[in-house]
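Given next are the chains, with one letter for each unit.
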Amino acid sequence: MLQHDVELKKFDLHTNDVLRRDFYKDRVVESCPICGSTRHIKYGFYNGIQRYKCKVCEKTFSRTTNSLWSYSKKNTRTWLKFTELMTENKTLKFCAEKLNISIGTAFYWRHKILQALSIDSTPDILSGVVHVGKVIIKENFKGCRDAEIIASSTPRENIWVIGAKGQEDSMFVKPIFKHQWNKIAFNEKIYSKIEKKSYIAPYGDRYIKSVAMRHNKNKSIKVETEYRIKYIWPNLKKWLSIFHGVASKYLQRYLSFFIIMNLDKVLDYMDLIYDRLFEGNRFTKTEEIRIMKSPF
Ligand SMILES: [Zn+2]
């Protein structure tokens, strides 16, 4: 008798395996994730995914090792769908309900993705006409264990987020200092990245204007307005409000996502998965998600 797979469970497992295999098909593993050696041999397959054995430390690893989704017990389809919902700016509650995962899992997945994106979203150098602007954001203690106590005892400081865009298709948007203008931090974190022969176009801040004046040797040329920097203040506020406020300790991660959503290159969620989240060592341990170095 032919047994019917009424709930299509086997079918579901099979499509999941196929998806997973396809996902890892082209991933290149150059060095051993344990000792870093580049000498390894092919060492069979596990669930259809190539395994390797390191010739130095003799440990085995596969194309899935240290990828963003290593060790996830949830199926491939669920986290592909999650990434898609994230690019649609859906709330955690929405994602959790839609994909039948807990809010906790949704939180960790979002932060895994944000953390992986923040690895490569910042340009090393800004050149050509460099547009520079700022946004001041109030400190936010959301999610802190003693959020209410902190909020009532310490006044919320202003965080200066500086946005800069040169001719490259990348942007610099980072929290740079707290409280008031800090020339040393500005020079160290932003000005040092601006090419000497570039022209600085400042937007709306007298300190940034004075930096630009000096850099441009008091010459002013007419440049095309860069609206992503000119309107960075309303755009960023609007974007952050989608997340109902973002804890300051996680601000940098969210800004990386903001940058990617503001590039000239239009990315859909598949590009995000394949281009941005796939290469290199993207794996973040769950306990590392909550540990965040202060940007200051
Ligand atoms: Zn090794």
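This is a predicted model, so every value here is computed, not measured. (Residues numbered from 1 in each chain as written. Predicted model: local features only at pLDDT ≥ 70, side-chain atom pairs only at ≥ 80, totals over all residues. Heavy atoms only, no water.)

1. Some words on the overall build of the protein
Step number 1: When helices and strands are counted, the protein shows twelve helices and seven strands.
Step number 2: A buried classification covers 41% of the 296 residues belonging to the protein. (Helix = DSSP H or I, 4+ residues; strand = E, 2+ residues; numbered from the N terminus. Buried < 20%, exposed > 50% of the residue type's maximum accessible area, 1.4 Å probe, protein only.)

2. A short note on the nonpolar core
Step number 1: If you look at the biggest cluster of nonpolar residues, it comprises 48 residues, and the most contacted ones within it are F82, V161, V173, L236, W239, L240 and Y254.
Step number 2: Of the residues that make up this core, three or more belong to each of domain 1 (1-65) and domain 2 (129-269).
Step number 3: L240 has contacts with I137, G245, V246, L251 and Y254, leaving out every residue within four places of it along the chain.
Step number 4: I176, I190, I194 and I208 belong to the second-largest nonpolar core, a separate cluster that totals 18 residues. (Core = buried A, V, L, I, M, F, W, Y, C linked by side-chain atoms within 4.5 Å. Domains from an automatic or database assignment. Contact = heavy atoms within 4.5 Å.)

3. A look at the coordination of the zinc ion
Step number 1: Surrounding the zinc ion are the protein donor atoms C32 (SG), C35 (SG), C54 (SG) and C57 (SG), which sit 2.3 Å from the metal.
Step number 2: Each of the four donor atoms bound to the zinc ion contributes to angles spanning 104 to 118°, and the resulting shape is tetrahedral.
Step number 3: Look at where the donors of the zinc ion fall in the sequence and you get C-x2-C-x18-C-x2-C. With C32 in the loop between α1 (9-24) and β1 (40-46) and C57 in the loop between β2 (49-54) and β3 (60-62), the pair connects residues that are 25 residues apart, well separated along the chain. (Donors = N, O, S within 2.8 Å, 3.2 Å for Na, K, Ca; no water. Tetrahedral: all angles 85-135°; square planar, octahedral: opposite > 155°, others 65-115°.)

4. Details of the packing of helix α2 (residues 76-87) against helix α4 (residues 103-118)
Step number 1: As a packed pair, α2 and α4 sit with axes 11 Å apart at the nearest point and diverge in direction by 70°. Between α2 and α4, the angle is such that the two are roughly perpendicular. Along the contact surface, α2 presents T78, W79, F82, T83 and M86, while α4 presents A106, W109, R110, I113 and L114.
Step number 2: Residues that form the contact of α2 with α4 fall into these classes: seven nonpolar, two polar and one charged. (Axes fitted to C-alpha atoms, helices over the stretch in contact; angles between N-to-C directions. Parallel < 35°, antiparallel > 145°, perpendicular 65-115°, else oblique. Nonpolar A, V, L, I, M, F, W, Y, C, P; charged D, E, K, R; others polar.)

5. Structural notes on the sheet that holds β1
Step number 1: Across the sheet, which stays open at both edges, the three strands sit in the order β1-β2-β3 with antiparallel pairing between neighbours. Two strands lie at the open edges of the sheet, namely β1 and β3, each paired on one side alone. Averaged over all neighbouring strand pairs, the angle between strand axes comes to 35°, with direction disregarded.
Step number 2: Bridge count between β2 and β3: three bridges; the pairing is antiparallel. Its bridge partner being in β3, R51 is matched across the sheet by S62. (Pairing = 2+ DSSP bridges.)

6. A word on the pairing of strand β5 (residues 158-165)
Step number 1: Of all the eight residues making up β5, seven are buried; the element is thus mostly covered by neighbouring parts of the structure.
Step number 2: With eight bridges joining them, strand β4 (residues 129-138) and β5 adopt antiparallel strand pairing. If you follow G133 over to β5, its bridge partner there is G163.
Step number 3: In textbook terms, the turn of a hairpin is the stretch between consecutive antiparallel strands, and for β5 and strand β6 (residues 172-178) this stretch comprises six residues.

7. Some remarks on α2
Step number 1: For α2, spanning twelve residues, the distance from its first C-alpha to its last is 17 Å, which sits close to the expected 16 Å at 1.5 Å a residue.
Step number 2: Buried residues dominate α2, accounting for nine of its twelve residues.
Step number 3: Note on α2: the residue one or two positions beyond its end, N89, has a positive phi of about 55°. (Expected span 1.5 Å × (residues − 1).)

8. Section: the packing of aromatic side chains
Step number 1: Across all of its chains, the model carries 15 aromatic pairs by this definition.
Step number 2: Consider the rings of F82 and W109, whose centres lie 5.4 Å apart with planes at 85°: the pair is edge-to-face. Placement of F82 in helix α2 and of W109 in helix α4 is noted, with a sequence separation of 27 residues between them.
Step number 3: With relative accessibility at 5%, the residue W109 sits in the buried group.
Step number 4: Residues F107 and Y250 carry aromatic rings whose centres are separated by 6.1 Å and whose planes lie at 65° to one another, so their mutual orientation is edge-to-face. In this pair, F107 is assigned in helix α4 and Y250 in the loop between α9 (232-241) and α10 (251-261), connecting sequence segments 143 residues apart.
Step number 5: Using a relative accessible area of 5% as the deciding quantity, one classes Y250 as buried.
Step number 6: Chaining the aromatic ring pairs together yields one cluster made of W160, F177, W181, F186 and Y207.
Step number 7: The ring of F94 is capped by K90, whose NZ or CZ atom sits 5.4 Å from the centre of that ring. (Phe/Tyr/Trp six-rings, centres within 6.5 Å; stacked < 30°, edge-to-face > 60°. Lys NZ or Arg CZ within 6 Å of the ring centre and 35° of its normal.)

9. Overview of the confidence of the model for the protein
Step number 1: Of the residues in the protein, 83% have a pLDDT of 70 or more, and the chain-wide mean is 82.
Step number 2: Across the protein, the element-wise mean pLDDT spans from 59 in helix α5 (residues 147-153) up to 96 in strand β7 (residues 199-202). (pLDDT = per-residue confidence, 0-100.)

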